[in-house]
Amino acid sequence: MELWTSPLWYVSYILVLIGLSGYGLHRLTIVYLYLKHSRKMPVPKKQFEELPLVTVQLPVFNELHVVDRLLDSVAKLDYPKDKLQIQVLDDSTDETTEICRVGVERLKAQGFDAELIHRTDRTGYKAGALEHGTEFAKGEYLFILDADFVPNPDVLQKTIHYFSDDNIGMIQTRWGHLNRTFNVLTRVQAMFLDGHLELEQTARNRSGRFFTFNGTAGIWRKSCIADAGGWEHDTLTEDMDLSYRAQLKGWRFIFLKEVETPAELPVDMDGFKSQQHRWTKGSIQVCKKVLPAIWKSKAPLYVKMEATAHLTSNFAYLMLICLCFLIYPNQHAAPDFGGWTYYIVNVPIFFFASVSVILFYLTSQKALRPKTWWKEVPYLPLLLALGIGMSINNAKAVLEAIFNHETGFVRTPKYGIEQKRKGDWKKSSYKAMKTLTPVVELLFGFFFLFVVVEAALEARWASAILLLPFPVGFFYTSLSSLLRMVPSGSSSEDAIEPPNQDS
């Protein structure tokens, strides 16, 4: 019993919460910067008298469900055909290659300068494919689109003229969501991404801080890529890596939140976990690689501090795992410093660690859906729960990056799904990697269910309510993965179908 009553538990618990609160304070800072600077829409220096040649690069790996949709959307771009070069950078090992070949021939028949560049060696994965394709790119401007994106026809007309300023190296458009209302998981994912794209990217860019290319739906100046050292494949997020290297070289980027490029969200939990694992691990790899250079640079202090907060933000998942181990001892060993403890310690920490998250995502929804943002409010508790449930998956990714554990670039399966449901997607041969993570999540779910029930039985209702997202989150992430292993079972993402509330 003496072990449980040790003040070390409480001190450790408070330190972890303070760390999480620091990232919560950063979220509030992003909200402030967004509200202050979001209306400062950039304006092109001038209009090109003659439109420049643009190379559209389409990196593809085993995307048989979506590659035709991608090629058809590229063919609809409102841009002179003689000013477009289309490169299909295909590393596929299945029938996707044949679909690409037929699609390229179709584009050629329509008068496009299109080519299929197929690699049998996946060296460098996506970064390697882009590096290889750039050697044959005729255009000075490279429009990169992943296979699950569907660009609007006017995207080039709305973006290309910003390159009339020779200091602009990259232009990023905001991602939209083709299947936002497909199920609860896609709904919550959309909210996560909206917070990043609408708030973070806009706030960073328009307040003069560094921001990063999102890997797709953006246009690069080819000479900027070369000046920054080219595509490198020693991290899983080559986009973030190149972005920081280019901006440290003095190149300026532009984020256009007003220009949307729609894409498909992962519809199953395994695909979502795979994507988050890659993004999380890659960001920590880039942190280790470029953060020292950022602090040695002549960039202003506020730029360095924001870049540090951005690059280290995923360490919060390690803190969250630590919190999971500290919550139960703290329930039984927290020293009693009197009634003021609640107001001096607990309330500020709760505000910065939890309320900041709610304000952050509500602000993004209100900005994007001013008339219907309130319809997203019911999904906020699940957003909090999913963030907690993903902590094991993402903390594992952070540890792999810290200890230099090598893993390949695992692509996220996409099924060509938009708003309407297609039952055959579960039969696809494309599956995300299976791990033991769901089992660990399930154990965490049962543990926190016990913690919540115990708190309720002891009439500690505030604790029970505040801790409820923990078992919900861990059960959701674990069971959604485990049920996908049952051939005849339906995944829990389909168990709850959201109302069709298009905005």
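Bear in mind the structure is a predicted one, so any value in this text is a computation, not a measurement.

Thresholds applied
- Residues numbered from 1 in each chain as written.
- Predicted model: local features only at pLDDT ≥ 70, side-chain atom pairs only at ≥ 80, totals over all residues.
- Heavy atoms only, no water.
- Buried < 20%, exposed > 50% of the residue type's maximum accessible area, 1.4 Å probe, protein only.
- Helix = DSSP H or I, 4+ residues; strand = E, 2+ residues; numbered from the N terminus.
- Right-handed = clockwise from strand over helix to strand, strands pointing away.
- Pairing = 2+ DSSP bridges.
- Core = buried A, V, L, I, M, F, W, Y, C linked by side-chain atoms within 4.5 Å.
- Axes fitted to C-alpha atoms, helices over the stretch in contact; angles between N-to-C directions.
- Contact = heavy atoms within 4.5 Å.
- Phe/Tyr/Trp six-rings, centres within 6.5 Å; stacked < 30°, edge-to-face > 60°.
- Lys NZ or Arg CZ within 6 Å of the ring centre and 35° of its normal.

A.B. asks: So what exactly am I meant to see when it comes to the pairing of strand β2 (residues 84–90) here?
C.D. replies: Along a regular strand, successive side chains alternate from one face of the sheet to the other. Of all seven residues in β2, seven are buried, a share of seventy percent or more. Of the two faces of β2, both are covered, the one formed by Leu84, Ile86, Val88 and Asp90 as well as the one formed by Gln85, Gln87 and Leu89. As a crossover connection, the stretch from strand β1 (residues 54–60) through helix α2 (residues 67–75) into β2 is right-handed. Here β2 runs beside strand β3 (residues 113–118); their pairing, made up of six bridges, is parallel. Each residue of the ladder has a partner; that of Leu89, found in β3, is Ile117. One crossover worth recording links β2 to the parallel β3 by way of helix α3 (residues 96–109), and it is right-handed.

A.B. asks: Honestly, the nonpolar core in this entry has me stumped. Any pointers?
C.D. replies: A general feature of soluble globular proteins is that nonpolar side chains tend to end up buried together. Core analysis: the biggest nonpolar cluster contains 65 residues, and Val56, Leu58, Leu156, Trp220 and Trp231 have the highest contact counts within it. In terms of residue count, strand β7 (residues 252–263) provides more of this core than any other element does, six residues in total. Grouped together as the second largest cluster of nonpolar side chains are 27 residues, Tyr13, Leu20, Ala316 and Ala464 included.

A.B. asks: Sorry, what's going on with the sheet that holds strand β4 (residues 141–144) here?
C.D. replies: Strand pairing in a sheet relies on backbone hydrogen bonds. The paired strands run either parallel or antiparallel. Within the open sheet, the seven strands sit side by side as β3-β2-β1-β4-β6-β5-β7. Their pairing is mixed. Bordering the open sheet on either side are β3 and β7, each of which pairs with just one other strand. Neighbour to neighbour, the strand axes of the sheet diverge by 20 degrees on average, direction disregarded. As paired elements, β1 and β4 share four bridges and run parallel to each other. Paired with Val54 across the strands is Tyr141, a residue of β4. The sheet contacts of α2 involve β1 and β2, and relative to β1 the element is tilted by about 175 degrees. Its contacts with the sheet put α3 on β1, β2 and β3, and the angle it makes with β3 is roughly 165 degrees.

A.B. asks: Just checking my understanding: could you explain the pairing of β4 for this structure?
C.D. replies: The alternating pattern of β4 places Tyr141 and Phe143 and Leu142 and Ile144 on opposite faces, both of which are buried. Two strands pair when backbone bridges link them, and β4 and strand β6 (residues 218–221) are joined in this way by four bridges, in the antiparallel orientation. In the strand pairing of β6, Leu142 is matched with Trp220.

A.B. asks: Would you explain the packing of aromatic side chains in this entry?
C.D. replies: Centre distance and the angle of the planes are the two values used to describe a pair of aromatic rings. Inspection of the entire model under this criterion finds 20 aromatic pairs. Seen from their ring centres, Phe192 and Tyr361 are 5.6 Å apart, and the 90 degrees between their planes marks the pair as edge-to-face. On the criterion of sequence distance, the pair formed by Phe192 in helix α6 (residues 184–206) and Tyr361 in helix α12 (residues 340–368) is long-range, its members being 169 residues apart. Take Phe192: its relative accessible area is 21%, and that puts it in the partly exposed class. We classify Tyr361 as buried; its relative accessible area is 9%. When the centroid spacing of 5.1 Å and the interplanar angle of 75 degrees are considered together, the rings of Phe447 and Phe448 count as edge-to-face. Stacked on the ring of Phe112, the Lys or Arg Lys81 has its end atom at 5.0 Å from the ring centre.

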